[in-house]
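Below are the chains, spelled out letter by letter.
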Amino acid sequence: MKAGIFDSGVGGLTVLKSILEAKMFDEIIYYGDTARVPYGVKDKETIIKFSLQALEFFASHQIDILIVACNTVSAYALEEMQKSSPVPVVGVIEPGVWALKNKITHKDASILVIGTKATIASLQYQDKLRVNGYTSVQGLATGLFVPIIEEDIKDTKVLKATMKYYFSHISIPPEAIILGCTHFPLITSSIDEYFNHQSILIHSGEAITDYLYRHHQICMNAILGETKLKLYASSSPSSLELIANKWLNSPQSFIAD
Ligand code: DGL
């Protein structure tokens, strides 16, 4: 089985990593729109336009399923993509909410959703959680984490100061935090430490593998060897390759284009 993974840039590599580890696909085509990232500060129309253009990219690759790793795209363009795509298109919001439901059963649990400005403004996570009965949901745009992670200064005072800036009004650690942005799994330990290891952190990349199995019958450990991986970027493929080498941290061989 061949999957496509689409992201606004390099962040979706965190989702790719989880999917590779789950050994679900014979082949994966990753496409990051690195020329036009970030999407998280753009308006709905632009996000939809760029996402539909990504479908055109995947058209020649004969994929069986498209996974949208980007939370911002999942929040604004998923429906439009599903309408225009000949193959199933799965986003990360539904799996994230589903994973939370599996971990947190009492509906008055305090839940914090963090993501880009656009993802939080879309209210997609917050509304889906409320529809599922959760009564204490707070959304918080924490977009500065994205460049901090990409600049690889996440082990510095800069990240600590930024967490303080965003979280200082939260006096009691939330029971769960949804990491509603591709990049945030890379600062899991820092966020966990900030909240004194009191919060359950939900990572959409991990959530999606389970979701693909339960909702699309795509099994984990379905392949024996390595997934054949191809990385594409709309600009600077060599930078994507460099980051992939660092973030994937696996012997996986791939070709960047
Ligand atoms: N991939 C985006 C997301 O998960 C973060 C980067 C961007 O703003 O494009 O929302």
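For the structure, see preceding data.
We now turn to the structure provided with this report. What you see is a predicted model; the values in this text were computed from it and never measured.

1. Let's talk about the nonpolar core
Argument step 1. With 51 residues, the main nonpolar core has Leu 13, Leu 16, Phe 25 and Phe 167 as its most contacted residues.
Argument step 2. For Leu 16, the contacting residues outside a window of four places in its chain are Ile 5, Ile 28, Tyr 30, Leu 229, Leu 231 and Leu 248.
Argument step 3. Listed in part, the 42 residues of the second largest apolar core include Phe 57, Met 81, Val 87 and Leu 129.

2. What to know about the site of the ligand
Argument step 1. Neighbouring the ligand are 13 residues, the closest being Ser 8, Tyr 39, Gly 40, Thr 72 and Thr 182.
Argument step 2. Between the ligand and Asp 7, the relevant distance is 3.1 Å, taken from a nitrogen atom to a side-chain nitrogen or oxygen of the residue.
Argument step 3. Protein chains bury 98% of the 300 Å² of accessible surface belonging to the ligand in isolation.
Argument step 4. Grouping the constituent residues of the shell around the ligand by class yields five nonpolar, seven polar and one charged.

3. A word on the packing of aromatic side chains
Argument step 1. Under the defined criterion, the tally for this structure stands at 15 aromatic pairs.
Argument step 2. With centroids separated by 5.5 Å and ring planes inclined at 85 degrees, the aromatic side chains of Phe 145 and Phe 184 adopt a geometry described as edge-to-face. In this pair, Phe 145 is assigned in helix α8 (residues 145-150) and Phe 184 in the loop between β7 (176-180) and α10 (188-194), connecting sequence segments 39 residues apart.
Argument step 3. Exposure remark for Phe 184: the relative accessible area of 0% places this residue in the buried category.

4. Examining the sheet that holds β7
Argument step 1. As summarised here, the arrangement of the four strands in space is β6-β5-β7-β8, forming an open sheet in which the pairing is parallel. Each of the sheet's edge strands pairs with one partner strand only, and the pair in question is β6 (136-141) and β8 (200-203). When strand polarity is set aside, the average angle formed by the axes of neighbouring strands in this sheet is 20 degrees.
Argument step 2. Looking at chain direction, strand β5 (residues 110-115) and β7 are connected through five bridges and run parallel. From the neighbouring strand, Gly 115 faces β7, where its bridge partner is Gly 180.
Argument step 3. Lying over the sheet, helix α7 (residues 124-131) contacts β5, β6 and β7, oriented at roughly 175 degrees with respect to β6.

5. As for the side chain of His 203
Argument step 1. Tracing the chain through its elements places His 203 in strand β8.
Argument step 2. For His 203, the contacting residues outside a window of four places in its chain are Thr 14, Ser 18, Leu 179 and Pro 185.

6. A word on the environment of Tyr 213
Argument step 1. Along the chain, Tyr 213 falls in helix α11 (residues 204-216).
Argument step 2. A relative accessible area of 38% places Tyr 213 in the partly exposed class.
Argument step 3. In this structure the C-alpha to C-alpha distance between Tyr 213 and Phe 195, which are 18 residues apart in sequence, comes to 31 Å.
Argument step 4. Ignoring sequence-local partners within four residues, the contact set of Tyr 213 consists of Met 24, Ile 218, Cys 219 and Met 220.

7. What to know about helix α5 (residues 93-103)
Argument step 1. Buried within α5 are the following residues: Ile 93, Pro 95, Gly 96, Val 97, Trp 98, Ala 99 and Leu 100.
Argument step 2. Where the residues of α5 are buried, they touch α3 (71-76), β5, α7, β7, β8 and α11.

8. Let's talk about α11
Argument step 1. Asp 210 marks where α11 bends most, by close to 25 degrees.
Argument step 2. Listing the buried residues of α11 in full gives Ser 204, Gly 205, Ala 207, Ile 208, Thr 209, Tyr 211 and Leu 212.
Argument step 3. Immediately beyond the C-terminal end of α11, within one or two residues, lies Gln 217, with a positive phi of roughly 55 degrees.

9. Brief notes about the pattern of salt bridges
Argument step 1. Using the criterion set out here, one finds eight salt bridges in the structure.
Argument step 2. A salt bridge links Lys 154 to Asp 152; the shortest N-O distance between them is 3.4 Å.
Argument step 3. Assessed through its relative accessible area of 37%, Asp 152 is described here as partly exposed.
Argument step 4. Ionic pairing is found between Arg 214 and Asp 210, a salt bridge with its closest N-O pair at 3.7 Å. You can see Arg 214 and its partner Asp 210 sitting in helix α11, four residues apart, about one turn around the helix.
Argument step 5. With relative accessibility at 25%, the residue Asp 210 sits in the partly exposed group.
Argument step 6. Within the structure, one salt-bridge network assembled from shared partners comprises Lys 2, Glu 27 and Lys 228.

About the cut-offs
Residues numbered from 1 in each chain as written. Predicted model: local features only at pLDDT ≥ 70, side-chain atom pairs only at ≥ 80, totals over all residues. Heavy atoms only, no water. Core = buried A, V, L, I, M, F, W, Y, C linked by side-chain atoms within 4.5 Å. Buried < 20%, exposed > 50% of the residue type's maximum accessible area, 1.4 Å probe, protein only. Contact = heavy atoms within 4.5 Å. Near = heavy atom within 4 Å. Polar contact = N/O pair within 3.5 Å; in protein donor to acceptor, adjacent residues only side chain to side chain. Areas by Shrake-Rupley, 256 points an atom, 1.4 Å probe, with all protein chains shown as cover. Nonpolar A, V, L, I, M, F, W, Y, C, P; charged D, E, K, R; others polar. Phe/Tyr/Trp six-rings, centres within 6.5 Å; stacked < 30°, edge-to-face > 60°. Helix = DSSP H or I, 4+ residues; strand = E, 2+ residues; numbered from the N terminus. Pairing = 2+ DSSP bridges. Axes fitted to C-alpha atoms, helices over the stretch in contact; angles between N-to-C directions. Bend = angle between axes of the 7 residues up to and from the residue. Salt bridge = Lys/Arg side-chain N within 4 Å of Asp/Glu carboxyl O.

The analysis is restricted to geometry; functional conclusions fall outside its scope.
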